[in-house]
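# Coordinate analysis (summary)
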Amino acid sequence: MKIKKFWGKTLHEATELMKKNMGKDSVILSTRIVEKNTPQGIIKYFEITSGVEETDVLIEDKVDSIEDEYLILNKENDRNEVDEINSLKEEIVAAKDFGKKNNTIEQNDLNEISEILLFREVKEAIVKLIIEQILKSKHLLNQRNLDDYVTSCISSMIYTKEFYVDKKKRPMTVALVGPTGVGKTTSIAKLAAISKILHNLEVGILSIDTYRLGAIDQLRIFSEISNIEMLVAYEPKEVVVQMNKLKNKDIVFIDTVGRSQKNIKELKSIKNYLEQLKIDETILVLSSTSSTKNLYESIDKFKMFGINSLLISKIDEAAAFGNILNVSYDFEIPIMFLTNGQVIPDDIISADKDYIAKLIYKRNLV
Ligand SMILES: Nc1nc2c(ncn2[C@@H]2O[C@H](COP(=O)(O)OP(=O)(O)OP(=O)(O)O)[C@@H](O)[C@H]2O)c(=O)[nH]1
Ligand SMILES: [Mg+2]
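Residues numbered from 1 in each chain as written. Chains lettered and ligands numbered in written order. Predicted model: local features only at pLDDT ≥ 70, side-chain atom pairs only at ≥ 80, totals over all residues.

## Some details on the pairing of strand E8 (residues 281-287)
Heads up, the rule is: Working definition of burial: number of other C-beta atoms within 10 Å of the residue's own, with buried at 20 or more, exposed at 12 or fewer, and partly exposed in between, all C-beta atoms being placed from the backbone. Helix and strand definitions follow DSSP, with helices as H or I runs of at least four residues and strands as E runs of at least two, each counted in order from the N terminus. Strand pairing follows a simple DSSP-based rule, namely that at least 2 bridges must link the two strands.
When you tally the buried positions in E8, you get 6 out of 7 residues, the bulk of the element. Pairing of strand E4 (residues 172-177) with E8 involves 4 bridges; the strand directions are parallel. Across the sheet, residue Val-177 finds its bridge partner in E8, namely Leu-284. Sheet topology places E8 next to strand E9 (residues 309-313); 5 bridges connect them, and they run parallel. Counterpart to Ile-283 in the pairing with E9 is Ser-309.

So, in structure tokens, the structure goes:
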């Protein structure tokens, strides 16, 4: 498979660029937002990593030239001003260094890093590991590379996974489970819309959430607007029947009712529905606004579904992100997506270790 990255100011722009260059058979392997420093301030770009089966040798050249064109276009506008800013930055850094007696890591730095991490709600045992790691590499570290080093330590403790749709395996079944109100249905709408619009997949939705008043309507309105077939199973025995009607789809998302992790009986009733099918990907949706304790309890109770990956929701609402590191490090369940708002389909991003690490340590929120 040939893999390429494309950038655009909107997801649509990046996708159009991808399609134009990689052809209609290309698929999006992941999306993320990248930041670029410009004289106008920080500009955010959507970055798409896309892949296509290696059938046409010409594709590579074509992509290179257009991708370069896009970058050169942006770069040329900014180049002079960026040069100026860069030289200013160098002056500032040099001035800072001049003021310092020496450049090595002091105990104060370690204390400060511990404080920041604890404030970000990273648990003590993990903070200790990070400090130990810094001490091991102390001879290589100085004031200027310390923060990047901490970020990369955090990044190495986070597990992520890319969403990959195998078109040969029709339909791929993806179930979202999780506690009440964490964003399962909204995330399904986002994923379904992206799968259809950006990946050109035939998408179906199966809802087994017949418990909450209005839950079906929420999805039905969305599927009508976006022209995505949506069916409901009111009983476990209807699950297979309904899924058979969706057998020509490339991917079927299954929405489940939100249940408290405390109510094992209710969780088992969802399991009765899901075990009628072979689910390819079971995603546990967890809200980043929950405490570490709550997240641990949810994972512990929802593991009966055979969780393959996590979707961390509502990062736009959370005040600290240490809980994500705690959960990822301790359970090693890969994070596949993050959601950062209510807008369908825009507010979802593929999980990226470095992005999450920065979110945790520097609290850079996109
Ligand atoms: N701020 C923010 N709100 C979100 C996000 N994802 C979902 N929401 C909102 O959270 C609320 C609940 O979302 P739902 O998708 O209905 O959650 P659910 O998990 O399906 O809920 P139940 O089915 O009742 O368990 C809605 O108001 C969503 O718009 C997000 O990433 N950020
Ligand atoms: Mg729901």
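On we go from here.
## Describing helix H10 (residues 292-302)
This is how it is decided: Working note: the arc is built from the helix axis to C-beta atom directions.
Looking at H10, one finds that the buried residues are Leu-295, Ser-298 and Phe-302. Summarising the axial view, the buried residues of H10 lie within an arc of 65 degrees, below the 170-degree limit, and thus occupy one face. What points out from H10, more than 90 degrees from its buried face, is the exposed set Lys-293 and Asp-300.

## A short note on the packing of H10 against helix H11 (residues 322-331)
Our working definition: Orientation is described by lines fitted to C-alpha atoms, with helices fitted over the stretch in contact, and by angles between N-to-C directions that extend from 0 to 180 degrees. Handedness of a crossing is defined here by the sense of rotation of the near helix relative to the far one, left-handed for an anticlockwise turn of less than a right angle and right-handed for a clockwise turn. Remark: residues whose backbone-derived C-beta atoms lie within 7 Å of one another are considered to be in contact. Note that Gly is not counted as nonpolar here; it falls among the polar residues with everything else outside the nonpolar set of Ala, Val, Leu, Ile, Met, Phe, Trp, Tyr, Cys and Pro and the charged set of Asp, Glu, Lys and Arg.
The contact between H10 and H11 brings their axes to 9 Å, and the two run at 35 degrees. Note on packing geometry: the crossing formed by H10 with H11 is right-handed. Along its contact with H10, which presents Thr-292, Leu-295 and Ile-299, the element H11 presents Asn-323, Asn-326, Val-327 and Phe-331. In terms of residue class, the contact of H10 with H11 is built from 4 nonpolar, 3 polar and no charged.

## A few points about unusual backbone geometry
For the bond running from Arg-170 to Pro-171, omega is -20 degrees, close enough to zero to count as cis. Looking at the secondary structure, you find Pro-171 in the loop between helix H5 (146-156) and E4. In this structure, the amide linkage connecting Ile-344 to the following residue, Pro-345, adopts the cis form with an omega of 5 degrees. Relative to the helices and strands, Pro-345 is located in the loop between strand E10 (335-339) and strand E11 (348-350). One non-glycine residue, Asn-227, adopts positive backbone phi at about 55 degrees. Along the polypeptide, Asn-227 turns up in the loop between helix H7 (215-226) and strand E6 (229-232). Located in the positive-phi region is Lys-314, a residue other than glycine, with phi close to 60 degrees. Among the structural elements, Lys-314 can be located in the loop between E9 and H11.

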